[in-house]
Amino acid sequence: MKMSPSPEVVKRSLSAHSVIGLVVGALMYLICLTGTVAVLAFEFERWEQPEPAEFMQYDEHVLQRALTAFLERVEAVGETVFIVLPTAELPRIHVADENHEWFVEPDGSLGPAVAAPWTQMLKDLHVSLHLPTSVGIVIVSALGVMLLALIISGLLAHPRIFKDAFRLRTGGSKRLEMADLHNRLSVWGLPFHLMIALTGALFGLLGPLALVAATAYYGGDQEALVADVYGADLVVDEDVQPLQIGVALTHLRQMAPDAEPIFLMIQHPGTRHQLLEVAARVPGRLIYAEIYQYGADGAYLGHQGFSDGIAGRQAIYSIYRLHFGQFGSGAVKVLYLLLGLALTVVSVSGVNIWLARRGGRDWVNALWCGTVWGLPLALVAAALQGLLVGMAAPLIGLLFVWLGAMVLCLRFADEVRSRKTLQCACAAALLLLLLAYYVVHSEHFGLPGNLLINAGLLILSAVFGILAFRRITPAVQNPLP
Amino acid sequence: MIPSFLYDLLALLLCVAGILLLRLSWRRQRTALVWTGWLLLALSPVVWSVSAGVEFAVSYALLALSIAAWLLIAVNVERQPAKAGNGAVDTATLPATTALHKLGTFLVAGPLAASASLLACALLVGLASGAESRGNSMVLTAFVFPLAWGAAVVWVCASDRLLRTAGLLLVVTVVAALGLMP
């Protein structure tokens, strides 16, 4: 039985694939590249702000003192106070509410304020394009849908995709080379691409779906819907008393010895509705955490059921770690980096195929070259801005450099020259970033985590240098970004 | 007791061996090799689950599968003599349509297809479940909604009859909205 689609379906699907890819190409590239770099968000946070104390061992008194100090310092405390506990990725304690956030010293006193604006900018770009979150997250999720549409149309448009599954031809026509690269990376990365697209789409589309479903089935009561999916919020009403964090943590250690507490949530602190929730990772599970609930006196009240509740609750609470590669060992992060980079290459090569297919050169080629090679340079420049002149508005620096790169490429009207210039500039900027980091944070330069990032930056600089100075064979026509 | 890293190693080897067999059988009529390759790939997460649990195991196996295949492709690159392009811009690489048609396609594939998928999926929540299992239906629908919208986008962009496509999506939107009314 022949399963391949008809030539007409192939033709139409290819047309749809091209249209969707071209419409979302630049934004898809931005999302893919920032997402790839954001896999190392924890590492960049530590690198960007190396001063706070790092420690894995703490006792309950430290947390108690930190909470007391936080409540004393903040006049109007929010509804929820978080105490984020040290993990292998981020061995620091910090205490926060909606508007304030400080690191905690080993003795429980408050340390410096949390400030990693470049990493925050990177995450904001990826999650919401730096737009107001409610709007931006929906747009980014719509891009996740477009990635799904590209996967569907790509599969329909390429009936030979499995027949050619192991074939990569280079050196011939640029279009064929790009098409082979695009298709090979796409077909073997399919499980990862599907997962990223679907989980990415879910983050922002849950809201509109919940709004409609709540109106239809819950009389507009969104909290009732949320309770059905995530479990109902526990409401306590008891005399105000000091929180017994130690009692709660001791109980948790006895009840679930394998669970690793990652943060505490103190709901309605200092009121009759005060509630302590301990979020703890469950070994071997992709759920972000199980939430264990305790009264102010440390009495166990129950758990949310993310690990053993309804299947839907477990599934929906597993998408975050899966999307961001925050599970397993450091090797998973390396694989996510490689697969994310591959998806980025797929997004660029898709547009390159179209450019090669149309042949010749015009302003579109130049603009695309500036978009592709300007963004890495802009990201490095924004980090450099932070180190040299403070981190007032890293996004401004990023946009300035990115737009500048596009203008430069339009002015050069020569993709090879433009690309080499931008690659060279990126290599130099990375070296400058390393130098600046050494000057500003010399005492933290060699810390194990920072050393890894610094070595990575050095290698990246060498890669950009090699790309910039490699010889382009004269026979290659229509050079592409 | 066998150390867990040995299970990890065995699972990784099974994955690599599976891909290798698929590569060896590629473009040759060797059905046994193909089936053995797929069998080894299927066994990989099973072995991994012993040391890492089922959820991590499936993720690890799929990640390793991609990387192993790319590595095999990379070592088997075919180098070809360079070919020259003709230097002219071919503007006919996309369907020639008016600006109005492009805007229409955007609106139909964007807001209209999104509304149709959203309302149809929300209707499914009610049809697929009673009040007691609505949480599960909500989550299932949440996973279906992006897929439905994505498929609708492909359909709209592949269609050469935009008005008919828009009309059908509008009908779905209206019917689903009526079905959702209390």
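What counts, and at which threshold
- Residues numbered from 1 in each chain as written.
- Chains lettered and ligands numbered in written order.
- Predicted model: local features only at pLDDT ≥ 70, side-chain atom pairs only at ≥ 80, totals over all residues.
- Helix = DSSP H or I, 4+ residues; strand = E, 2+ residues; numbered from the N terminus.
- Rg over C-alpha atoms; globule rule 2.2 N^0.38 Å.
- Buried ≥ 20, exposed ≤ 12 C-beta atoms within 10 Å, placed from the backbone.
- Contact = placed C-beta atoms within 7 Å.
- Domains from an automatic or database assignment.
- Axes fitted to C-alpha atoms, helices over the stretch in contact; angles between N-to-C directions.
- Parallel < 35°, antiparallel > 145°, perpendicular 65-115°, else oblique.
- Left-handed = near helix turned anticlockwise from the far one by under 90°.
- Nonpolar A, V, L, I, M, F, W, Y, C, P; charged D, E, K, R; others polar.
- Pairing = 2+ DSSP bridges.
- Core = buried A, V, L, I, M, F, W, Y, C linked by C-beta atoms within 7 Å.
- pLDDT = per-residue confidence, 0-100.
- Expected span 1.5 Å × (residues − 1).
- Bend = angle between axes of the 7 residues up to and from the residue.

## Quick word on the overall build of chain A
Next up, step 1: Assigned secondary structure in chain A consists of 16 helices and nine strands.
Next up, step 2: Against the 2.2 N^0.38 benchmark of 23 Å for 481 residues, chain A shows a C-alpha radius of gyration of 25 Å, consistent with a compact globule.
Next up, step 3: In terms of principal-axis extent, the alpha carbons of chain A reach across some 80 × 60 × 35 Å.
Next up, step 4: Burial analysis of chain A (481 residues in total) assigns 45% to the buried set.

## Focus: the overall build of chain B
Next up, step 1: If you tally the helices and strands in chain B, you get six helices and one strand.
Next up, step 2: Ordering the α and β elements of chain B from the N terminus gives α-α-α-β-α-α-α.
Next up, step 3: Taking 182 residues into account, the globule formula puts the C-alpha radius of gyration at 16 Å, and chain B, at 25 Å, lies well above it.
Next up, step 4: If you line up chain B on its principal axes, its C-alpha atoms span 65 × 60 × 30 Å.
Next up, step 5: The long-range share in chain B, meaning contacts at least 24 apart out of those at least 6 apart in sequence, stands at 67%.

## Re the domain arrangement of chain B
Next up, step 1: For chain B, the domain assignment lists domain 1 (4-75) and domain 2 (99-180).
Next up, step 2: Measuring from the centre of the C-alpha atoms in domain 1 of chain B to the corresponding centre in domain 2 of chain B gives 37 Å.

## Thoughts on the packing of helix H7 (residues 190-217) of chain A against helix H4 (residues 99-128) of chain B
Next up, step 1: Between H7(A) and H4(B), the least distance of the axes is 10 Å, while the angle of their chain directions is 50°. With respect to their mutual orientation, H7(A) and H4(B) come out oblique. In this structure, H7(A) crosses over H4(B), and the sense of that crossing is right-handed. Residue-level contacts link Pro208(A), Leu209(A), Val212(A), Ala213(A), Ala216(A) and Tyr217(A) of H7(A) to Leu118(B), Leu119(B), Cys121(B), Ala122(B), Val125(B) and Gly126(B) of H4(B).
Next up, step 2: For the contact of H7(A) with H4(B), a count of residues per class yields eleven nonpolar, one polar and no charged.

## Some points on the pairing of strand S6 (residues 260-267) of chain A
Residues and elements named next belong to chain A.
Next up, step 1: Pairing between strand S1 (residues 80-84) and S6: five bridges, direction antiparallel. Pairing of Ile83 across the sheet is with Leu264, part of S6.
Next up, step 2: Alignment of S6 against strand S7 (residues 275-281), held across seven bridges, turns out to be antiparallel. The residue of S7 that forms the bridge with Glu260 is Arg281.

## Digging into the packing of helix H15 (residues 415-440) of chain A against helix H16 (residues 448-469) of chain A
All names here are of chain A.
Next up, step 1: Between H15 and H16, the shortest axis-to-axis distance is 8 Å and the interhelical angle comes to 155°. When the axis of H15 is compared with that of H16, the two are roughly antiparallel. Crossing handedness for the pair H15 and H16: left-handed. Contact residues: Lys420, Gln423, Cys424, Cys426, Ala427, Leu430, Leu431, Leu433, Leu434 and Tyr437 in H15; Asn454, Leu457, Leu458, Leu460, Ser461, Phe464, Gly465, Leu467 and Ala468 in H16.
Next up, step 2: Its residues assigned to classes, the contact of H15 with H16 shows 14 nonpolar, four polar and one charged.

## Some details on the interface of chain B and chain A
Next up, step 1: Contact with chain B, which involves 61 residues of that partner, is made by 68 residues of chain A.
Next up, step 2: Contributions of two or more residues to the side of chain B that touches chain A are made by helix H3 (54-75), strand S1 (78-79), H4 and helix H5 (134-158) of chain B.
Next up, step 3: Examined bridge by bridge, strand S5 (residues 169-170) of chain A and S1(B) share two bridges and lie parallel to one another. Within S1(B), the position partnered with Arg169(A) by the bridge is Glu78(B).

## Points about the domain arrangement of chain A
All names here are of chain A.
Next up, step 1: Segmentation of chain A into domains returns domain 1 (1-49 + 116-229 + 327-359), domain 2 (55-113 + 232-304) and domain 3 (360-481).
Next up, step 2: Measuring from the centre of the C-alpha atoms in domain 1 to the corresponding centre in domain 2 gives 36 Å.
Next up, step 3: Taken together, the five residues of domain 1 in the interface contact four residues of domain 2.
Next up, step 4: If you tally residues by element for the side of domain 1 that touches domain 2, the top one is helix H2 (residues 41-48), at three residues.

## Quick word on the nonpolar core
Next up, step 1: The biggest cluster of nonpolar side chains holds 191 residues, and the ones touching the most others in it are Leu377(A), Ala113(B) and Val153(B).
Next up, step 2: When residues in this core are grouped by element, the largest group, 15 residues, is from H5(B).
Next up, step 3: Not counting residues up to four positions away in its chain, the partners in contact with Leu377(A) are Val401(A), Ala405(A), Leu422(A), Ala425(A), Cys426(A) and Ala429(A).

## Thoughts on unusual backbone geometry
Excluding glycine, a negative phi dihedral is what most residues carry, and trans is how most peptide bonds are arranged.
All names here are of chain A.
Next up, step 1: Phi is positive for His130, close to 65°, though the residue is something other than glycine.
Next up, step 2: Summarising the element assignment, His130 is placed in the loop between helix H4 (117-128) and helix H5 (133-157).
Next up, step 3: The phi angle at His268 is positive, at roughly 45°, despite the residue not being glycine.
Next up, step 4: Looking at where His268 falls in the secondary structure, it is placed in the loop between S6 and S7.

## Describing the confidence of the model for chain B
Next up, step 1: With 90% of its residues at a pLDDT of 70 or more, chain B shows a mean pLDDT of 88.
Next up, step 2: Across the whole predicted complex the pTM is 0.93, and at the interface the ipTM reaches 0.92.

## Some remarks on helix H1 (residues 7-38) of chain A
Next up, step 1: The first and last C-alpha atoms of H1(A) sit only 41 Å apart over 32 residues, clearly below the 46 Å expected at 1.5 Å per residue.
Next up, step 2: The largest bend in H1(A) comes to about 65°, at Gly25(A).

## Here's the deal with the sheet that holds S1(A)
All names here are of chain A.
Next up, step 1: Pairing within the open sheet is antiparallel, and its eight strands lie in the order S4-S3-S2-S1-S6-S7-S8-S9. With partners counted over all chains shown, the strands left at the sheet margins are strand S4 (110-113) and strand S9 (300-303), one partner each. The sheet shows a mean angle of 25° between the axes of neighbouring strands, direction not considered.
Next up, step 2: Looking at chain direction, S7 and strand S8 (residues 290-294) are connected through five bridges and run antiparallel. Within S8, the position partnered with Val278 by the bridge is Tyr292.
Next up, step 3: On the sheet, helix H3 (residues 60-73) packs against S1, strand S2 (94-96), strand S3 (101-104), S4 and S6 and is oriented at approximately 140° with respect to S1.
Next up, step 4: Strands S6, S7, S8 and S9 of the sheet are contacted by helix H9 (residues 245-255), whose axis makes an angle of about 35° with S7.

## Some details on H4(B)
Next up, step 1: Over its 30 residues, H4(B) extends 41 Å from the first C-alpha to the last, a length consistent with the 44 Å expected when each residue adds 1.5 Å.
Next up, step 2: In H4(B), a bend of some 35° at Ala113(B) exceeds every other bend along the element.

## Examining the environment of Ala96(A)
All names here are of chain A.
Next up, step 1: For Ala96, the position within the fold is in strand S2.
Next up, step 2: Distance from Ala96 to Phe70, taken between C-alpha atoms, is 8.0 Å for residues 26 residues apart in sequence.
Next up, step 3: Excluding anything up to four places from it in sequence, Ala96 contacts Phe82 and Glu101.

## Things to note about the environment of Gly302(A)
Residues and elements named next belong to chain A.
Next up, step 1: With respect to the secondary-structure elements, Gly302 resides in strand S9.
Next up, step 2: Separated by 118 residues in sequence, Gly302 and Lys420 have C-alpha atoms that sit 60 Å apart.
Next up, step 3: Beyond its immediate sequence surroundings of up to four residues, Gly302 is in contact with Leu234 and Gln293.

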